[in-house]
Amino acid sequence: MKPLQDIIVVDFSQFLSGPSAGLRLADMGAQVIKIERPGIGDICRQLYVSNVMIEGESTIFHAINRNKQSYAADLKKTEDLEKVKKIVAQADVLMHNFRPGVMERLGLDYETIKAINPQIVYAEVSGYGDEGPWKDLPGQDLLLQAVSGLTWLSSNRSDSPTPMGVAVVDILAGTHIAQGILAALYQRAITNEGSLVQVSMLESILDFQFEVLTCFYNDGRELPVRSEVNNGHAYLSAPYGIYKTADGYLALAMGNITQLATLLQCDPLQHFTNTAEWFVKRDEIKSILAGHLTARTTDEWLSVLEPADIWCAKVMDYDVLVKENGYRMLNMELKVKTSNGLSITTTRCPIRIDGEIYTSGIGAPLLGEHNEQIDEQFGLVEPAIV
Amino acid sequence: MSRLPLEGLLVLEFSQYLSGPVAGLRLADLGARVIKIERPGRGDAGRRLSIKDMWTDDSSLLFHTINRNKESFTADLKNAEDLALVKKLIEKADVLTHNFRPGIMEKVGLGYTEVKRINQRIIYGAISGYGNEGPWKDRPGQDLLLQSMSGLAYTTGNAKDNPMPFGLAIADNLCGSQLVQGILGALIRRHKTGTGALIEISMLESLLDFQFELLTTYHSSGLLPERSGVNNGHPLLHAPYGIYNTADGYIAIAMINIKQLALAISCKDLLNFDQKDAFSLRDEIKAVLAKHLLTQSSSCWLQKLHANDLWAMEVLDWERLTKLEAYKVLQMEQAINSHGKSITTTRCPIRINGERIFSPKPAPQLGEDNEKIKDELIK
């Protein structure tokens with residue numbers, strides 16, 4: 001039995017933060033019903049990226065929304081709203097990521113829903129929380145990276161602030177709201193009580209920085225200083241970073257500099273015997289290393305470093321990675337099919353349970369695809385006029 | 001907070017460093033009792049790992065950050081007597097986590113099969129670097145190495161840059177978060193069925209999951225994602241997405257229609273570009289924009305952009321951010337008293353019933369709770 005079998009999630013959220021949480025819940029066995037506007041639906045359906053489209057919809061919509069159902073409803077129409085409320089009355093979880101105030105205006109706020117369904121877990125993701133001067137601003141990933149200080153951690157010191165090239169704020173906020181929902185469902189099993197669970201993208205991205213922020217709070221509020229050469233982490237000593245070789249790139253994590261000097265036959269590094277220098281003089285050390293490592297191929301260096309248990313790896317792009325056995329053994333790829341026969345390859349849920357990987361073949365829903373089925377399930381079918 | 005959701009649950013944490021312990025921290029903040037099982041003498045290797053040489057006591061500030069709100073029980077798992085005590089604890093536990101390399105827990109007799117024999121209902125959470133089989137299974141599960149092997153290093157920085165890692169431990173952090181999800185899912189199921197579960201996740205699977213949008217696009221197009229040549233923000237996104245230098249700082253600009261942007265900031269040269277070329281000509285568009293934005297201050301641009309409801313924000317560092325009302329209103333900081341020394345750190349980012357979760361309990365000293373735990377749980 002999948003962990004969330006019999007759990008019904010009504011998901012009003014759009015784009016990535018909420019929907020990525022919905023995807024995880026769906027993969028763990030929940031019935032996830034997307035409530036979408038007729039005609040347009042989740043705005044992510046129209047968010048074309050990289051000019052790659054599937055069936056006139058963006059690839060990322062299909063990746064995020066596989067294994068879900070779609071119920072089209074115009075929440076500004078009384079009739080539709082009443083139907084949605086009847087679904088919510090029988091649901092276990094409601095989730096949304098509207099800006100503060102929107103659900104209140106629709107009459108779908110926590111107090112109203114709690115009155116209909118006291119056991120519901122009501123989950124919301126906001127950009128900046130529901131108070132303060134930023135509460136009405138758009139909760140967009142890059143903008144949250146920008147205001148949270150995150151952009152001063154990647155790339156080299158003399159570079160501009162550099163964002164992380166994946167929607168890290170959305171995804172972390174999604175994992176956090178999923179954690180909160182699951183914890184609240186567990187509590188409900190014990191106490192029979194529902195809860196309100198809230199996560200803001202700003203709190204999520206601050207949480208991600210908890211180690212380095214704690215350092216900042218306690219060291220007299222000194223800002224992070226990125227390494228000038230091949231920065232891997234602003235707070236770590238040489239050699240931490242990615243280095244160019246004769247034919248590619250090599251990553252070196254924490255390591256002993258003099259041991260590296262010997263293994264790599266890099267004499268100028270031999271005199272860095274004082275471990276404190278590995279941080280203070282990291283740019284100097286890393287420059288020497290960077291100059292030295294271009295002389296041979298990645299595999300040549302690995303053949304020296306790996307037997308000595310040095311923490312190192314070949315840097316791979318997807319073309320190289322997907323051919324590796326270490327990748328293929330994971331069976332991470334998943335083929336899903338939409339109801340109109342379109343097939344796409346995406347990734348599966350990363351969690352294994354009792355040794356099993358969960359692989360649902362259900363693709364993303366067409367807008368409103370499940371209206372009839374859901375009307376039936378929740379007893380919303382109009383009685384036939386006699 | 002009247003009642004935390006995971007109150008009453010007992011978690012045994014055999015994990016070290018970050019990936020497993022960050023999961024333990026979340027479970028603790030959500031109300032579970034988390035006991036670290038540590039080697040006598042040394043303990044969690046994370047105790048000796050510091051950043052900026054900052055120490056709270058014998059253990060680093062870093063360790064204190066990751067392990068607050070937990071207890072510590074020392075046991076030498078190679079010693080039969082100690083192992084017997086640990087097995088007694090396992091009888092009482094709801095959850096066990098570890099992040100040893102594959103085979104280590106089995107060697108000490110605490111693999112899932114053995115543990116399940118002691119406690120049928122236990123949720124056994126195991127983190128690995130690369131899974132339990134295959135050519136990489138014995139490789140070190142270290143964050144930078146995982147970033148480098150998973151393709152992630154080709155998402156950040158500009159097209160001409162070397163592959164560039166995220167400057168934070170994303171693999172550890174995400175893998176820990178996903179372990180929490182698996183554990184909580186299994187606890188929900190256990191309440192219905194009475195059965196325990198084995199939850200496994202590797203850092204590599206976590207990072208592949210993290211890149212699911214990029215990988216799905218890659219599988220469907222067959223083309224490697226390419227970082228933008230100018231101010232890359234996300235390899236899949238069109239102009240103007242990125243961070244730009246202004247006359248006095250930096251601003252971030254997200255998805256905005258080119259024409260709307262041109263009009264809002266009075267940039268005539270941008271009007272030469274059509275929205276349909278916003279991806280294929282993104283570097284050209286971004287170069288024009290970058291030049292134009294240098295002419296005025298950040299606040300000037302933001303005023304114009306916000307007046308038109310366009311998606312942009314100033315780039316801040318922690319010094320400026322933490323002085324702003326928008327940050328203060330979150331109350332994200334909490335002070336922790338660790339044996340007379342005060343540490344400021346962050347709190348759990350999840351709010352329950354409108355309440356923030358503050359957890360003032362500091363990280364334990366090595367073996368600090370041995371006697372109490374023996375009294376309460378082993379006798």
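Going along each chain's sequence as written, the residues are numbered from 1 onward. Here chains are named by letter from A upward and ligands by number from 1 upward, in the order in which they appear as written. Two thresholds apply to this predicted model, a pLDDT of at least 70 for residue-level local features and 80 or more for giving and counting side-chain atom pairs, whereas whole-chain, interface and lining totals are computed over all residues.

1. Focus on the overall build of chain A
Turning to step 1, where the next piece is worked out: Secondary structure elements are defined from DSSP: runs of H or I of at least 4 residues count as helices, runs of E of at least 2 residues count as strands, and each element is numbered from the N terminus. Scanning chain A for helices and strands turns up 16 helices and 15 strands.
Turning to step 2, where the next piece is worked out: The dimensions of chain A, computed from C-alpha atoms along their principal axes, are 95 × 50 × 40 Å.
Turning to step 3, where the next piece is worked out: Any residue with 12 or fewer other C-beta atoms within 10 Å of its own C-beta is exposed, any with 20 or more is buried, and the rest are partly exposed; the C-beta atoms used are placed from the backbone. Counting only residues that meet the buried cut, chain A has 56% of its 386 residues in that class.
Turning to step 4, where the next piece is worked out: Here contacts are defined at the residue level, using C-beta atoms placed from the backbone and a cut-off of 7 Å between them. Partitioning the intrachain contacts of chain A with sequence separation of at least 6 by distance along the chain shows that 67% fall at a separation of at least 24.

2. Considerations on the overall build of chain B
Turning to step 1, where the next piece is worked out: Each helix and strand counted, chain B has 15 helices and 12 strands in total.
Turning to step 2, where the next piece is worked out: When its C-alpha atoms are laid out on the principal axes, chain B stretches across 80 × 50 × 45 Å.
Turning to step 3, where the next piece is worked out: When burial is assessed residue by residue, chain B has 56% of its 379 residues classed as buried.

3. With respect to the packing of helix α7 (residues 168-191) of chain A against helix α8 (residues 201-208) of chain A
Residues and elements named next belong to chain A.
Turning to step 1, where the next piece is worked out: Between N-to-C directions, angles cover 0 to 180 degrees, with each direction set by a line fitted to C-alpha atoms, over the stretch in contact for helices. The contact between α7 and α8 brings their axes to 9 Å, and the two run at 95°. Our classification of the angle between α7 and α8 gives roughly perpendicular. Along its contact with α7, which presents V169, L172, A173 and H176, the element α8 presents M201, S204, I205 and F208.
Turning to step 2, where the next piece is worked out: Partitioned by chemical class, the residues of the contact of α7 with α8 number six nonpolar, two polar and no charged. Roughly parallel here means an angle under 35 degrees, roughly antiparallel means over 145, roughly perpendicular means 65 to 115, and every remaining angle is called oblique. Residue classes follow a fixed rule: Ala, Val, Leu, Ile, Met, Phe, Trp, Tyr, Cys and Pro count as nonpolar, while Asp, Glu, Lys and Arg count as charged, and any other residue, Gly among them, counts as polar.

4. A look at the confidence of the model for chain B
Turning to step 1, where the next piece is worked out: One confidence number per residue, pLDDT, is output by the predictor and ranges from 0 to 100. Per-residue confidence for chain B averages 97 on the pLDDT scale, and 100% of its residues sit at or above 70.
Turning to step 2, where the next piece is worked out: For this predicted complex, the interface score ipTM comes out at 0.97, while the overall pTM is 0.97.

5. Regarding the sheet that holds strand β6 (residues 93-96) of chain A
Turning to step 1, where the next piece is worked out: Being paired, for any two strands, means DSSP has found at least two bridges between them. Overall, mixed pairing links the seven strands, which are arranged β5(A)-β2(A)-β1(A)-β6(A)-β7(A)-β8(A)-β12(B) in an open sheet. The outermost strands of the open sheet, each flanked by one partner alone, are β5 (69-72) of chain A together with β12 (351-352) of chain B.
Turning to step 2, where the next piece is worked out: One ladder, built from four bridges, connects β6(A) with strand β7 (residues 121-126) of chain A; its direction is parallel. Bridge pairing in β7(A) links A:M95 to A:A123.

6. What to know about the interface of chain B and chain A
Turning to step 1, where the next piece is worked out: Taken together, the 115 residues of chain B in the interface contact 113 residues of chain A.
Turning to step 2, where the next piece is worked out: Across the side of chain B that touches chain A, the residue classes break down as 64 nonpolar, 36 polar and 15 charged.
Turning to step 3, where the next piece is worked out: Bridge count between strand β8 (residues 195-200) of chain A and β12(B): two bridges; the pairing is antiparallel. Paired with A:Q198 across the bridge in β12(B) is B:R351.

7. What about the packing of helix α1 (residues 17-27) of chain A against α7(A)?
Residues and elements named next belong to chain A.
Turning to step 1, where the next piece is worked out: As a packed pair, α1 and α7 sit with axes 7 Å apart at the nearest point and diverge in direction by 50°. Taken together, the axes of α1 and α7 lie oblique to each other. In this structure, α1 crosses over α7, and the sense of that crossing is right-handed. Of α7, the residues touching α1 (which contributes S17, G18, S20, A21, R24 and L25) are D170, I171, A173, G174, I177 and A178. Rotating anticlockwise by less than a right angle from the far helix to the near helix defines a left-handed crossing, while the corresponding clockwise rotation defines a right-handed one.

8. Notes on the environment of B:I51
Turning to step 1, where the next piece is worked out: Looking at the element boundaries, B:I51 is found in the loop between β2 (33-38) and α2 (61-67).
Turning to step 2, where the next piece is worked out: B:I51 gets classed as buried once you count the C-beta atoms within 10 Å, which come to 21.
Turning to step 3, where the next piece is worked out: Ignoring any residue separated from it by four or fewer positions in sequence, one finds B:I51 in contact with A:C215, A:Y235 and B:L62.

9. Thoughts on the nonpolar core
Turning to step 1, where the next piece is worked out: In this usage, the nonpolar core is the set of buried Ala, Val, Leu, Ile, Met, Phe, Trp, Tyr and Cys residues whose C-beta atoms join them within 7 Å. Counting 236 residues, the largest nonpolar core has A:V9, A:L94, A:I181, A:A251, B:I199 and B:A252 as its most contacted members.
Turning to step 2, where the next piece is worked out: With 13 residues, α7(A) is the largest single contributor of residues to this core.
Turning to step 3, where the next piece is worked out: Here the limits of each domain have been adopted from an automatic or database domain assignment. For this core, the two domains that each supply at least three residues are domain 1 (8-208 + 330-377) and domain 2 (241-321) of chain A.
Turning to step 4, where the next piece is worked out: Beyond its immediate stretch of four places on either side in the chain, B:A252 contacts A:L142, A:L143, A:A146, B:I243, B:A312, B:M313 and B:V315.

10. Some remarks on the sheet that holds strand β14 (residues 352-353) of chain A
Turning to step 1, where the next piece is worked out: Taken together, the eight strands give an open sheet; going across it, the order is β15(A)-β14(A)-β6(B)-β5(B)-β4(B)-β1(B)-β2(B)-β3(B), and neighbouring strands pair in mixed fashion. Looking at strand neighbours, the two that pair on one side only are β15 (356-357) of chain A together with β3 (71-74) of chain B, the edges of this open sheet.
Turning to step 2, where the next piece is worked out: In this fold helix α1 (residues 19-29) of chain B packs onto β1 (10-13), β2, β4 (95-98) and β5 (123-128) of chain B, with an angle of close to 165° to the strand it touches most, β1(B).

11. Examining the pairing of strand β8 (residues 250-253) of chain B
Turning to step 1, where the next piece is worked out: In this structure, strand β7 (residues 242-245) of chain B lies alongside β8(B), joined through four bridges in antiparallel fashion. Among the inter-strand pairings, B:Y244 is bridged to a residue of β8(B), identified as B:I251.

12. Overview of the environment of A:E111
Turning to step 1, where the next piece is worked out: Among the secondary structure elements, A:E111 is positioned in helix α5 (residues 110-116).
Turning to step 2, where the next piece is worked out: Separated by 11 residues in sequence, A:E111 and A:Y122 have C-alpha atoms that sit 9.9 Å apart.

13. Re the domain arrangement of chain A
Turning to step 1, where the next piece is worked out: Here the domain parsing of chain A yields domain 1 (8-208 + 330-377) and domain 2 (241-321).
Turning to step 2, where the next piece is worked out: One C-alpha centre belongs to domain 1 of chain A, the other to domain 2 of chain A, and the line joining them spans 42 Å.

14. Observations regarding α1(B)
Turning to step 1, where the next piece is worked out: Of all the 11 residues making up α1(B), 11 are buried; the element is thus mostly covered by neighbouring parts of the structure.
Turning to step 2, where the next piece is worked out: One or two steps after α1(B), the chain reaches B:G31, where phi turns positive at roughly 120°.

15. What to know about the environment of B:A363
Residues and elements named next belong to chain B.
Turning to step 1, where the next piece is worked out: Relative to the helices and strands, A363 resides in the loop between β12 and α15 (370-378).
Turning to step 2, where the next piece is worked out: With 354 residues separating them along the chain, A363 and L9 place their C-alpha atoms 19 Å apart.
Turning to step 3, where the next piece is worked out: With sequence-adjacent residues up to four places away left out, A363 is seen in contact with S59, F63, H64, N67, R68, K70 and S338.

16. Some remarks on unusual backbone geometry
Turning to step 1, where the next piece is worked out: Cis peptide bonds are those with omega within 30 degrees of zero, and the linkage from A:A238 to A:P239 qualifies with 10°.
Turning to step 2, where the next piece is worked out: Checked against the element boundaries, A:P239 lands in the loop between α9 (210-218) and β9 (241-244).
Turning to step 3, where the next piece is worked out: A cis amide bond, omega 10°, links B:A239 with the succeeding residue B:P240.
Turning to step 4, where the next piece is worked out: Inspection of the secondary structure puts B:P240 in the loop between α9 (212-221) and β7.
Turning to step 5, where the next piece is worked out: Positive phi, normally seen in glycine, also occurs at A:D6, with a value near 75°.
Turning to step 6, where the next piece is worked out: Residue class for A:D6 comes out exposed when judged on the 11 C-beta atoms lying within 10 Å of it.
Turning to step 7, where the next piece is worked out: Positive phi values are uncommon outside glycine, yet B:D309 reaches one of about 60°.
Turning to step 8, where the next piece is worked out: Among the secondary structure elements, B:D309 is positioned in the loop between α12 (298-307) and β9 (312-314).

17. Points about the pairing of β2(B)
Residue and element names in this part refer to chain B.
Turning to step 1, where the next piece is worked out: For β2, the tally of buried residues reaches six of six residues, placing the bulk of the element in the interior.
Turning to step 2, where the next piece is worked out: A two-sided burial pattern is seen for β2, the buried positions comprising R33, I35 and I37 on one face and V34, K36 and E38 on the other.
Turning to step 3, where the next piece is worked out: By the bridge criterion, four bridges tie β1 to β2 in an arrangement that is parallel. Looking across to β2, one finds that V11 is bridged to V34.
Turning to step 4, where the next piece is worked out: The parallel pair β1 and β2 is bridged by α1, and the resulting crossover is right-handed. We call a crossover right-handed when, viewed with both strands directed away from the observer, the connection leading from the first strand over the helix to the second proceeds clockwise.

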